[in-house]
Amino acid sequence: MKRVAILISGGGSNMLALLDSMVGDHPARAVLVASNDPAAGGLAKAAARDVPVAAVDHRPFGKDRAAFEAELLRHIEAAEPDILCLAGFMRVLTPGFVSRFEGRMLNIHPSLLPKYPGLHTHQRALDAGDAEAGCTVHEVTAVLDDGPVLGQARVPVLSGDRPDTLAARVLVQEHRLYPAVLRRYAAGDRTPVLL
Ligand code: GRF
């Protein structure tokens, strides 16, 4: 049984989808949900499902990313995860942190990578007049929103779409894609999931 730790920064809707998928004959179970924000709504949802939680407020650490990550790592390492899933985690991780989990750390990004790494992905897709948008699950490497693609889901861009309406359509697919990728990844299969 693979042990999965999930990092969140907010409501954790992707984290919830992952938790709800890890049942029955699924080859993984969640051992920790951790956040950089003690007020992240997802922490209470995880705790309500009896998943151990941890929070390390990044703000007191200021620009000292390494010190923040060292404290976060203390909680993560204690849970002894095999796989780390970033799910709406909004802090950029240092190469030092990434190297500890390279090859076993996933992230979901709300665009069809390699298009639109970084922020404001839906606004950028609308500005470009794209006919399609979507989300990508990829392995995390030292380069932000880069790394091998493990899955993608596409949605149409509709006339009259605003960033929030497009984000809502993509989020539905995120909740389908991430669990599908994690199940395959936990079974040792890196064949991309294309929805
Ligand atoms: C989602 O758009 C996800 O793609 C991005 O963070 C947003 C919120 O995710 N990474 P969640 O609801 O906190 O899982």
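Residues numbered from 1 in each chain as written. Predicted model: local features only at pLDDT ≥ 70, side-chain atom pairs only at ≥ 80, totals over all residues. Heavy atoms only, no water.

### A short note on the site of the ligand
Every residue close to the ligand is listed here: G12, S13, N14, G88, I108, P110, L171 and E174. At 3.1 Å, a backbone N or O of G12 approaches an oxygen atom of the ligand. Between a nitrogen atom of the ligand and a main-chain N or O atom of I108, the distance comes to 3.4 Å. Protein burial of the ligand: of its 370 Å² of free accessible surface, 78% is covered by the chains. The cavity that encloses the ligand is the largest pocket. Broken down by secondary-structure element, the contributors of at least two residues to the shell around the ligand are helix 1 (13–21) and helix 6 (163–186). The residue makeup of the shell around the ligand, split by class, is three nonpolar, four polar and one charged. (Near = heavy atom within 4 Å. Polar contact = N/O pair within 3.5 Å; in protein donor to acceptor, adjacent residues only side chain to side chain. Areas by Shrake-Rupley, 256 points an atom, 1.4 Å probe, with all protein chains shown as cover. 1 Å grid on protein atoms, 1.4 Å probe; cavity = no way out; pocket = protein on both sides within 12 Å on 5 of 7 lines; lining within 4 Å. Sits in = over half its atoms within 2 Å of the grid points. Helix = DSSP H or I, 4+ residues; strand = E, 2+ residues; numbered from the N terminus. Nonpolar A, V, L, I, M, F, W, Y, C, P; charged D, E, K, R; others polar.)

### Some details on the domain arrangement of the protein chain
According to the domain assignment, the protein chain contains domain 1 (1–101) and domain 2 (107–195). Taking only C-alpha atoms into account, the centre of domain 1 sits 20 Å from that of domain 2. In this assembly, 20 residues from domain 1 lie in contact with 17 residues from domain 2. For the pair domain 1 and domain 2, the summed buried surface comes to about 1,500 Å²; carbon and sulfur atoms form 70% of the total. (Domains from an automatic or database assignment. Contact = heavy atoms within 4.5 Å. Buried area = accessible area lost by both parts, 1.4 Å probe.)

### What to know about the nonpolar core
Counting 35 residues, the largest nonpolar core has I6, C85 and L106 as its most contacted members. Three or more residues apiece are contributed to this core by two domains, here domain 1 (1–101) and domain 2 (107–195). Filtering out sequence-adjacent residues up to four positions away, C85 remains in contact with V4, A5, I6, L7, L18, L106, Y178 and L182. Within the second largest apolar cluster, 21 residues are counted, among which are A5, A54, F68 and F101. (Core = buried A, V, L, I, M, F, W, Y, C linked by side-chain atoms within 4.5 Å. Buried < 20%, exposed > 50% of the residue type's maximum accessible area, 1.4 Å probe, protein only.)

### Digging into the pattern of salt bridges
Evaluated as defined, the whole model comprises 10 salt bridges. Across the pair R100 and E77 runs a salt bridge whose closest N-O atoms are separated by 2.8 Å. Here E77 lies in helix 3 (residues 65–79) and R100 lies in helix 4 (residues 95–101), a separation of 23 residues in the sequence. When the shortest N-O distance is used, the salt bridge between D164 and R162 registers 2.8 Å. Judged by its relative accessible area of 45%, D164 falls in the partly exposed class. (Salt bridge = Lys/Arg side-chain N within 4 Å of Asp/Glu carboxyl O.)

### Digging into the layout of surface pockets
In this model, the largest pocket occupies a volume close to 810 Å³. Broken down by secondary-structure element, the contributors of at least two residues to the lining of the largest pocket are helix 1, strand 5 (105–109), helix 5 (121–127) and helix 6. Each residue belonging to the lining of the largest pocket can be placed in one class, and the counts come to 17 nonpolar, 15 polar and four charged. Lining the lining of the largest pocket are residues from two domains, each supplying at least three of them: domain 1 (1–101) and domain 2 (107–195). (Points joined across faces, edges and corners; volume = space filled by probe spheres on them.)

### A few points about the environment of R74
As for its placement among the helices and strands, R74 is situated in helix 3. At a separation of 2.9 Å, a polar atom in the side chain of R74 contacts the side chain of E71.

### Quick notes on the packing of helix 1 against helix 6
As a packed pair, helix 1 and helix 6 sit with axes 9 Å apart at the nearest point and diverge in direction by 45°. Relative to helix 6, the element helix 1 lies oblique. In this structure, helix 1 meets helix 6 at a crossing whose hand is right-handed. In this structure, helix 1 contributes S13, N14, A17, L18 and S21 to the contact, and helix 6 contributes L171, E174, H175, Y178, P179 and L182. (Axes fitted to C-alpha atoms, helices over the stretch in contact; angles between N-to-C directions. Parallel < 35°, antiparallel > 145°, perpendicular 65-115°, else oblique. Left-handed = near helix turned anticlockwise from the far one by under 90°.)

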